[in-house]
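# Observations on the three-dimensional arrangement
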Amino acid sequence: MLRSTEIPSPEERVKNYPHEMSGGMRQRSMIAMALACEPALLIADEPSTALDVTVQAQVLKLMKELCRERETAILLITHDMGVVARMCQRVAVMYAGRVVEYTDVHTLFSRPAHPYAEALLRSLPRLGTKRNRLDSIEGQPPQLNRLPPGCAFEPRCQYSSERCREQAPELKRLREGHEVRCYYPINGGGR
Amino acid sequence: MNESRGLVEVRGLCKYFPLSRRRILKAVDGVDFRIRRGEVLGLVGESGCGKTTIGRLILNLLPLTSGEIEFDGVRLSELSRSEMRRMRRRMQIVFQDPYASLNPRMTIGNILTFPMKVQGLYRGKRRERVVYLLERVGMRASDMNRYPHEFSGGQLQRIGIARALAVDPEFIVADEPVSSLDVSIQSQVLNLFKELQEEFHLTSLFIAHDLSVVEFISDRIAVVYLGKIVEMAPSRVLYKSNWHPYTRSLLSAIPLPDPKIEQNKPPFSLTGEATSPINPPPGCRFYSRCSVKGERCKEDQPQLVEVGKDHYVSCFQVN
């Protein structure tokens, strides 16, 4: 298993304790451990967040290749939209404890339907595009013990109405394979 | 590097930490650069490459092993303690972790007044100045009576920026000021930083590991690898026509928020992990991971060479 995760001289390394390894090698060992019993599903919770960007690229590549060979599905939990774009086929966007949009990765990035997903994508600094200002989402994320009665994103949403304040929307099907929790979805979804 | 003198001039900067008699950690090992007045220089690199150490050396928060730092033509190493304290009014820092860098037992008002007291500035007008600073960074005047734990990370970072501005500095070192913040908050603070940069006519050294953040905020970028600058260029140039193999790996490693690009990219090719800065080998620091290395790279260390206007690269293979 250690060899399959490309840890150099695995025969020696297998005797090491975690503190004798670098962050990248520890995460490789975790992947080896998780895949050892050939699971059908791997849940990866921010697997590369603590790593440097070149080591992250190595670990993500490794995860992708190993899981493809073994036909293991991955539930990848991350805050990094770049990692989503690199790794995923389908995406569920969460806000304040709820899925607000659920679709394939290409639709999410080209035609996001939920105002939060759209604003989040616009607020990212992007390499190679010189801009004077970033679009940002005003306000703060809500406190989970004091959620408003309506839509949790309503206080920060530029499209909100009375209806959003009073009752939280359900997750509704917009088209095949695309669901969104919003009364006023963007991009040809009825507005 | 001729042109006009910079506000900050750094030459041959080295910082070695002796770990034991035979083990020396070379955190910064021969760094030269200049920051021109009104400019933002971005310092980008992975953890442990020496970015933070460079920032602290410039502010004289750490003694240097060798080299020279000039601020507005004055060598910092020649200043006495009291001269240095006066000089500090002109150079301030914003730290990475706003929870750790603001005293939890002081009110926001006292936190912002403190640097003015130390410098003996704004006597009798400090309260007004605190109100002005708070409002300028997007907070309310009434926040001065509250304590740090009552605020979120983004708000605390705004306060950290206000504190740095309290004494009207000319130069700011911003050490990963947005890396502990959520994405949606990060863009708010970056915008604020950019506005203040112009309004206060600041010159800045902006340190971050996230290249897209550095590119947004900086006029020029220096890429640091294991205590050395490997490439330095105007930010637009660095993205489009980079030369150093490490800069190229770094750029291809960054996951871009675009599945069309990401899912058609060739698999990431850089192998291995960074060489240890403890007793590093004699040649190029990137040697062990480099795909274009030659004989010479193992023995000699390349120097920064100009390859285009304002564009410097330290690599034997591109000359």
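Residues numbered from 1 in each chain as written. Chains lettered and ligands numbered in written order. Predicted model: local features only at pLDDT ≥ 70, side-chain atom pairs only at ≥ 80, totals over all residues. Heavy atoms only, no water.

### So, the nonpolar core
Grouped together as the largest cluster of nonpolar side chains are 65 residues, with contacts concentrated most on Ile 159, Ile 161, Leu 165, Leu 190, Phe 206, Leu 211 and Val 223 of chain B. The contact partners of Phe 206 of chain B, leaving out residues within four places of it in the chain, are Val 40, Leu 41, Gly 42, Leu 43, Ala 174, Pro 177, Leu 190, Phe 193, Val 213 and Ile 217 of chain B. By size, the runner-up hydrophobic cluster in this structure holds 40 residues, among which are Ile 31, Met 81, Val 84 and Ala 117 of chain A. (Core = buried A, V, L, I, M, F, W, Y, C linked by side-chain atoms within 4.5 Å. Buried < 20%, exposed > 50% of the residue type's maximum accessible area, 1.4 Å probe, protein only. Contact = heavy atoms within 4.5 Å.)

### Points about the pattern of salt bridges
Residue and element names in this part refer to chain B. Within this structure, the stated rule accounts for 30 salt bridges over all chains. Arg 11 is the partner of Glu 70 in a salt bridge, and the nearest nitrogen-oxygen pair spans 2.9 Å. Pair noted here: Glu 70 is in strand 4 (residues 66–71) and Arg 11 is in strand 1 (residues 8–18), with a separation of 59 residues, a long-range link. What emerges from the salt-bridge pattern is a single network uniting Glu 9, Arg 11, Arg 34, Glu 68, Glu 70, Arg 75 and Glu 78. (Salt bridge = Lys/Arg side-chain N within 4 Å of Asp/Glu carboxyl O. Helix = DSSP H or I, 4+ residues; strand = E, 2+ residues; numbered from the N terminus.)

### Some details on helix 6 (residues 115–122) of chain A
With seven of its eight residues buried, helix 6 of chain A lies for the most part within the structure. Listing the buried residues of helix 6 of chain A in full gives Pro 115, Tyr 116, Ala 117, Glu 118, Ala 119, Leu 120 and Leu 121 of chain A. The inward-facing, buried residues of helix 6 of chain A contact helix 4 (81–87), strand 3 (90–95), strand 4 (98–104) and helix 5 (105–110) of chain A together with helix 7 (183–199) of chain B.

### Details of a nonpolar patch on the surface
Residue and element names in this part refer to chain A. There is a patch of nonpolar side chains on the surface, built from Leu 41, Ile 43, Leu 75 and Ile 77 and spanning about 350 Å² of accessible area. Listing elements by their share of the nonpolar patch, those giving two or more residues are strand 1 (41–45) and strand 2 (73–77). By the secondary structure assignment, Ile 43 is in strand 1. (Patch = residues over 30% accessible without salt bridge, like charges linked within 9 Å, V, L, I, M, F, W, Y side chains within 5 Å. Areas by Shrake-Rupley, 256 points an atom, 1.4 Å probe, with all protein chains shown as cover.)

### Looking at the interface of chain A and chain B
Accessible area lost during the coming together of the parts is what is often quoted as the interface size. If you look at the interface, chain A gives 43 residues, while chain B gives 46 residues. The junction of chain A with chain B conceals about 3,700 Å² of combined surface from both sides, 56% of it contributed by carbon and sulfur atoms. Interface area lost by chain A to chain B is led by Arg 86, Leu 127 and Lys 130 of chain A, which between them contribute 21%. Linking chain A with chain B are 20 residue pairs in polar contact (both at pLDDT 80 or more), by the criterion used here. Listed by contribution, the elements that provide at least two residues to the side of chain A that touches chain B are helix 2 (23–35), helix 3 (53–70), helix 4 and helix 5 of chain A. A per-element tally of the side of chain A that touches chain B places helix 3 of chain A first, with seven residues. Considered class by class, the residues forming the side of chain A that touches chain B number 18 nonpolar, 15 polar and ten charged. (Buried area = accessible area lost by both parts, 1.4 Å probe. Polar contact = N/O pair within 3.5 Å; in protein donor to acceptor, adjacent residues only side chain to side chain. Nonpolar A, V, L, I, M, F, W, Y, C, P; charged D, E, K, R; others polar.)

### A look at the sheet that holds strand 2 (residues 24–35) of chain B
If you walk across this open sheet you meet the four strands as 2-1-4-5 (chain B), and the pairing is antiparallel. Whereas interior strands pair on both sides, the edge strands pair on one side only; in this sheet they are strand 2 and strand 5 (74–75) of chain B. (Pairing = 2+ DSSP bridges.)

### Examining the packing of aromatic side chains
One pass over the structure, following the stated rule, counts nine aromatic pairs over all chains. Ring geometry for Tyr 95 of chain A against Phe 153 of chain A: centres 5.1 Å apart, planes inclined by 85 degrees, an arrangement best described as edge-to-face. In this pair, Tyr 95 of chain A is assigned in strand 3 and Phe 153 of chain A in the loop between helix 6 and helix 7 (162–166), connecting sequence segments 58 residues apart. The class of Tyr 95 of chain A is buried, set by a relative accessible area of 7%. With a centroid separation of 4.4 Å and an interplanar angle of 50 degrees, the aromatic rings of Tyr 225 of chain B and Tyr 246 of chain B are classed as tilted. (Phe/Tyr/Trp six-rings, centres within 6.5 Å; stacked < 30°, edge-to-face > 60°.)

### As for the pairing of strand 6 (residues 91–94) of chain B
Residues and elements named next belong to chain B. Covered by surrounding structure in strand 6 are Met 91 and Ile 93 together with Gln 92 and Val 94, the residues of both alternating faces. Here four bridges tie strand 6 to strand 7 (residues 171–175), and the two strands are oriented parallel to one another. Residue Ile 93 lies in a different strand from strand 7, and its bridge partner there is Val 173.

### Things to note about the environment of Tyr 287 of chain B
Residue and element names in this part refer to chain B. By the element assignment, Tyr 287 lies in the loop between helix 11 (259–262) and helix 12 (295–299). Residues Tyr 287 and Gln 186, 101 residues apart in the sequence, show an inter-C-alpha distance of 35 Å. Apart from the residues within four sequence positions on either side, Tyr 287 is in contact with Lys 293, Gly 294, Cys 297 and Lys 298.

### Side note on the side chain of Gln 186 of chain B
With respect to the helices and strands, Gln 186 of chain B occurs in helix 7. In contact with Gln 186 of chain B, not counting residues within four places along its chain, are Pro 125 of chain A together with Val 178, Leu 181, Asp 210 and Val 213 of chain B.

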